[in-house]
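# Examination of the molecular architecture
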Amino acid sequence: MPTAALLDRLRRVADAAVTPLEIDDVLDVFHPLRSGAPLRGRVVEVRHETADAATLVIKPGKDWAGHVPGQYLRVGVDVDGVRLWRTYSLTHGPRPDGCISITVKAIPDGTVSQHLVRRVRVGQLIQLGQAEGDFVLPDPLPAKLLLVTAGSGITPVIGMLRNLFSRAVPVQADIVLLHSALSRSEVIFGEELRGYAAAGLLRLVELHTDVDGVLDVAHPERGLATIVADLAERTTYACGPVGLLDALEEHHTAHGLPLHLERFRTELIAIGEGGTVAFADGTVVETDAATPILDAAESAGVLMPSGCRIGVCFGCVLPLREGAVRDLRNGELTVAAPGDGVAIQTCISAAAGACVIDHPRSSA
Amino acid sequence: MTVITKQAVNPTAHLTPADIELLGIELDAIRQDILDSRGESDAAYIRKVVDVQRKLELGSRAVLIASIFPPAWVLGTVGLSVAKILENMEIGHNVMHGQWDWMRDSKIHSTTWEWDNASTADGWKHSHNEIHHTYTNIVGKDNDLGYGIMRVDEDQRWIPMYLAQPLWNFINACFFEYGIAAYDLELGKNLAVPKEKRSEQFKENARKTLRKIRKQATKDYLVHPALSIPTGSFLPTLAANFTANVVRNVWSHSVIMCGHFPEGVETFEKKSIPDNETRGEWYLRQMLGSANISGSKFMHLMTGNLSHQIEHHLFPDLPSNRYAEVAPKVKALFDKYDLHYHEASLPAQVYSAWHKVVRLSLPNGWLATTTPTNAPQQLALLYKMTTGGPKVRRAAQARLQQQARRLETAA
């Protein structure tokens, strides 16, 4: 019998032995990082980069499919017992030890970033998604590169640089890195970047906005063209705040220069009173802040799962893909960023802004 | 118990509508306190319980592989029984209530959980979470009042079938998981419908339940015993699984009986419940319709914290590990509003519930009016009521009640 068929049969017997669980649920207890498990990782090192930033080195599960420097991944962490997902750039190229790393800057009031920088400990498990994103360097490399980064925008770029500089055969490329940060001490990976510059691997231009002001891309005297004289010969990769990226895009388009951008989507969910509720089938229902989504949807002819209608039975639970809802009993707000899918009780939740609800359920 | 609206003194008569709304607000505040402090330690608690349960079940099943040796059989059977109880009570029941949905962990979530029981999660969530928890103890609406096979309230009319209910109740206790499955399917009601007229929904649910029962039985009575064949322990392992299932069934049946059946737990008349029952009124009904079991921490864990039945009915979606903490606050409210907080030890509540099952297997007033001297006449009367038509029963019933009332006034 071929191995695959044998394994399949073994699995069926194992599943039958632990029903209603699956054998994976049991194996999870003992080996959460094995092949076949939902993708997770174990934190093996927490390294503080600046007062507000830390790098987490993570041993990913066996099914980690690898990544290209510059890519990002979704990370799910339990903050106060609640699983929240965020996206972070991978800050190392593929490492010999098979670990991956993310570097997180704690933003004020950032629930997840504060948790990751200040409270995560070595040994903890976190949930992972596979690497995504096309902000990667081409192969072969352009002869001349310009990397423009600001703040935590350095994170995808450091991954690229580490990868380039750790290769057995040194990469022959002319790289300029223009990095902008609030101050010298705020530069994440400052020491490392300056080391690369001292070793002649790249030309580093640091802008510290506390003394230098913000980079004015198109300024005739202090602009990009002044800082980088051979700008026209370079391919630009940039990551940073929206304002910077927009300015770069405008400038490079006007001059016909090649540009690759990575925009960190900070999902700002607009919180309001009432709003629209969109369903998977395309129906959009307009509701106010006092009407349960269940009632509003039913009035509009949507066939909804329902039960007690008083918030007790959880028979009306549906995933909120995106948006915000308010619990009509105590005013508590639940916010879902795209991709989240937070299960909400529609009978006691009113829309607090534009919502997208997954219904009919895509899977049982 | 008689529905509260027909009692001589309605236990809620002293409360004004304003009192009831105030009570609701105070209960909401207790709930909010827990919501505000719910967090990492609670999540760690349920994950720990799940972890311990899985290791205990696996360990017990491993020990049972050598169950031909009596000590292994005893150890494995005890372990498996405890594991199955934890799985159904502290984990399954509570997860399916959505008590842990707030963690946003799809592995411990009301929409994904399936439990080690003949009843499907979907069927259970409908009949338990939706019907029982919403219409708690409303005669004619809450099928948990006797599960449709027993008379557990004076206001359910007596018919001869109920004479056998102590026996039903015992059999139901031993095979409780199948009783629940049949109950969730409303099997009795649906089987009464001619086959070709049964709803598609019922047929689909019945198929799912049968599939689940088959899988459950395959695990406990085939796969696991087969794994024990190398040590010659097929039959002992099968017996161990059967025993563990019966232990779990009897235990969960007892705990659940204690929740609503003990003497003194109130029931409600369908027509006395307003269409737009307020949150305060709903809370009040939950307060009077449930009974607690007092005992040790381990006992609370093994009942899935249903020993805090009152708190569970008030706040079915609060994490079970927090009920013990809110109980004193809830009890203080009972005192403040002069209501009876029904609490007793497990043996006392089990006895009380069984006493009610036996008492109500007989016509109202029969037990109260029977003495050693009039026993022969009483038995003859019972025989007449059992064999006679509804008319005979009605007349005899009226007489019994009159006598019982007279006795009461004399006492």
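These numbers come from a predicted model, not from an experiment.

### A few points about the side chain of glutamine 71 of chain A
With respect to the element layout, glutamine 71 of chain A can be found in the loop between strand E2 (53-60) and strand E3 (72-79). When neighbours within four sequence positions are excluded, glutamine 71 of chain A is seen to be in contact with Ser89, Leu90, Ala131, Glu132, Gly133, Phe135 and Val136 of chain A.

### Topic: the interface of chain B and chain A
Tallying the contact residues gives 39 residues for chain B and 37 residues for chain A. Taken together, both faces of the contact between chain B and chain A bury some 3100 Å²; the carbon and sulfur share is 57%. Among the residues of chain B in contact with chain A, Glu40, Arg54 and Arg104 of chain B are the three that bury the most area, contributing 21% of the side total. The salt bridge involving arginine 119 of chain A is made with glutamate 40 of chain B; its shortest N-O contact spans 2.6 Å. Inspection of the chain B/chain A interface yields seven residue pairs in polar contact (both at pLDDT 80 or more). Every element with two or more residues in the side of chain B that touches chain A is listed here: helix H1 (17-37), helix H2 (40-64), helix H4 (121-134), helix H8 (200-227) and helix H10 (279-288) of chain B. The leading source of residues in the side of chain B that touches chain A is H2 of chain B, at seven residues. Within the side of chain B that touches chain A, the residues separate by chemical class into nine nonpolar, 11 polar and 19 charged.

### As for the domain arrangement of chain A
Think of interface size as the accessible area that goes away when the parts come together; that is how it is often given. Assigned domains of chain A: these are domain 1 (1-29), domain 2 (33-130), domain 3 (142-260) and domain 4 (272-355). In this structure, domain 1 of chain A and domain 3 of chain A have C-alpha centres spaced 51 Å apart.

### Examining the sheet that holds strand E1 (residues 40-50) of chain A
Residue and element names in this part refer to chain A. Strand order in the open sheet formed by six strands is E4-E3-E6-E1-E2-E5, and the pairing between neighbours is antiparallel. Here the strands that pair on one side only, and so sit at the sheet edges, are strand E4 (82-89) and strand E5 (100-105). Along the sheet, successive strands turn relative to each other by an average axial angle of 40 degrees, direction set aside. In terms of strand pairing, E3 meets strand E6 (residues 125-128) through two bridges, oriented antiparallel. Residue pairing across strands places glycine 76 opposite glutamine 127, the latter belonging to E6.

### Some thoughts on the UniProt feature "domain: Fatty acid desaturase" (unreviewed entry) in chain B
Under the UniProt annotation, "domain: Fatty acid desaturase" (unreviewed entry) lies at residues 73-343 of chain B. Note that residues 73-343 of chain B is 56% helix and 1% strand, and that its end C-alpha atoms are spaced 36 Å apart.

### Brief notes about a nonpolar patch on the surface
Residues and elements named next belong to chain B. Where nonpolar side chains cluster on the molecular surface, the patch consists of Ile149, Ile159, Met161, Leu167, Trp168, Phe170, Ile171, Phe175, Tyr178 and Phe242 and spans about 890 Å² of accessible area. The leading source of residues in the nonpolar patch is helix H5 (residues 165-174), at four residues. Mapped onto the elements, methionine 161 comes out in the loop between H4 and H5.

### Some details on the pairing of strand E7 (residues 144-150) of chain A
Residues and elements named next belong to chain A. Burial of E7 is extensive: six of the seven residues sit out of reach of the surface. Strand direction decides the pairing type here: E7 and strand E8 (residues 174-181), joined by seven bridges, are parallel. Each residue of the ladder has a partner; that of lysine 144, found in E8, is aspartate 174. In terms of handedness, the path from E7 via helix H4 (residues 154-165) over to E8 forms a crossover that is right-handed. Alignment of E7 against strand E10 (residues 235-239), held across five bridges, turns out to be parallel. Its bridge partner lying in E10, leucine 147 is registered against tyrosine 237.

### Details of the packing of aromatic side chains
Each pair of aromatic rings is reported with the distance of its centres and the angle of its planes. Tallied over the full model, the rule gives nine aromatic pairs over all chains. Three or more aromatic residues link up through ring pairs in this structure, and these residues are Tyr45, Trp100 and Trp102 of chain B. Lying over the aromatic face of phenylalanine 189 of chain A, arginine 162 of chain A brings its terminal NZ or CZ to 4.7 Å of the ring centre. Here the guanidinium or amino end of lysine 141 of chain B rests over the ring plane of tyrosine 135 of chain B, the centre of that ring lying 4.1 Å away.

### A few points about the environment of threonine 19 of chain A
The residue threonine 19 of chain A is located in the loop between helix H1 (3-18) and helix H2 (23-30) in this model. When its relative accessible area of 7% is taken as the criterion, threonine 19 of chain A is described as buried. Remark: the alpha-carbon pair of threonine 19 of chain A and leucine 56 of chain A, spanning 37 residues in sequence, is separated by 37 Å. Among residues more than four places away in sequence, those in contact with threonine 19 of chain A are Lys215, Gln216 and Lys219 of chain B.

### Overview of unusual backbone geometry
For the bond running from threonine 19 of chain A to proline 20 of chain A, omega is 10 degrees, close enough to zero to count as cis. Structurally, the position occupied by proline 20 of chain A is in the loop between H1 and H2. A cis amide bond, omega 5 degrees, links aspartate 139 of chain A with the succeeding residue proline 140 of chain A. Counting through the fold element by element, proline 140 of chain A comes out in the loop between E6 and E7. Backbone geometry places phenylalanine 189 of chain A, a non-glycine residue, at a positive phi of 65 degrees. Along the polypeptide, phenylalanine 189 of chain A turns up in the loop between E8 and helix H5 (190-198). Given the relative accessible area of 3%, phenylalanine 189 of chain A is considered buried. Positive phi values are uncommon outside glycine, yet arginine 104 of chain B reaches one of about 55 degrees. With respect to the secondary-structure elements, arginine 104 of chain B resides in the loop between helix H3 (70-96) and H4. Take arginine 104 of chain B: its relative accessible area is 26%, and that puts it in the partly exposed class.

### Remarks on the UniProt feature "domain: FAD-binding FR-type" (unreviewed entry) in chain A
Taken from the UniProt record, the annotation "domain: FAD-binding FR-type" (unreviewed entry) applies to residues 36-138 of chain A. Spanning residues 36-138 of chain A, this segment combines 8% helix with 44% strand, and its end C-alpha atoms are found 32 Å apart.

### Some points on helix H14 (residues 346-359) of chain B
All names here are of chain B. The end-to-end C-alpha distance of H14, which contains 14 residues, comes to 20 Å, matching closely the 20 Å that a straight helix rising 1.5 Å per residue would cover. Of all the residues in H14, the buried ones are Leu346, Gln349, Ser352, Ala353, Lys356, Val357 and Arg359. Those residues of H14 hidden inside the fold are in contact with H5, helix H9 (234-260), strand E1 (292-294), strand E2 (343-345) and helix H15 (366-369).

Conventions we followed
- Residues numbered from 1 in each chain as written.
- Chains lettered and ligands numbered in written order.
- Predicted model: local features only at pLDDT ≥ 70, side-chain atom pairs only at ≥ 80, totals over all residues.
- Heavy atoms only, no water.
- Helix = DSSP H or I, 4+ residues; strand = E, 2+ residues; numbered from the N terminus.
- Contact = heavy atoms within 4.5 Å.
- Buried area = accessible area lost by both parts, 1.4 Å probe.
- Salt bridge = Lys/Arg side-chain N within 4 Å of Asp/Glu carboxyl O.
- Polar contact = N/O pair within 3.5 Å; in protein donor to acceptor, adjacent residues only side chain to side chain.
- Nonpolar A, V, L, I, M, F, W, Y, C, P; charged D, E, K, R; others polar.
- Domains from an automatic or database assignment.
- Pairing = 2+ DSSP bridges.
- Axes fitted to C-alpha atoms, helices over the stretch in contact; angles between N-to-C directions.
- UniProt positions renumbered as here; feature names shortened; annotations may be inferred.
- Patch = residues over 30% accessible without salt bridge, like charges linked within 9 Å, V, L, I, M, F, W, Y side chains within 5 Å.
- Areas by Shrake-Rupley, 256 points an atom, 1.4 Å probe, with all protein chains shown as cover.
- Buried < 20%, exposed > 50% of the residue type's maximum accessible area, 1.4 Å probe, protein only.
- Right-handed = clockwise from strand over helix to strand, strands pointing away.
- Phe/Tyr/Trp six-rings, centres within 6.5 Å; stacked < 30°, edge-to-face > 60°.
- Lys NZ or Arg CZ within 6 Å of the ring centre and 35° of its normal.
- Expected span 1.5 Å × (residues − 1).

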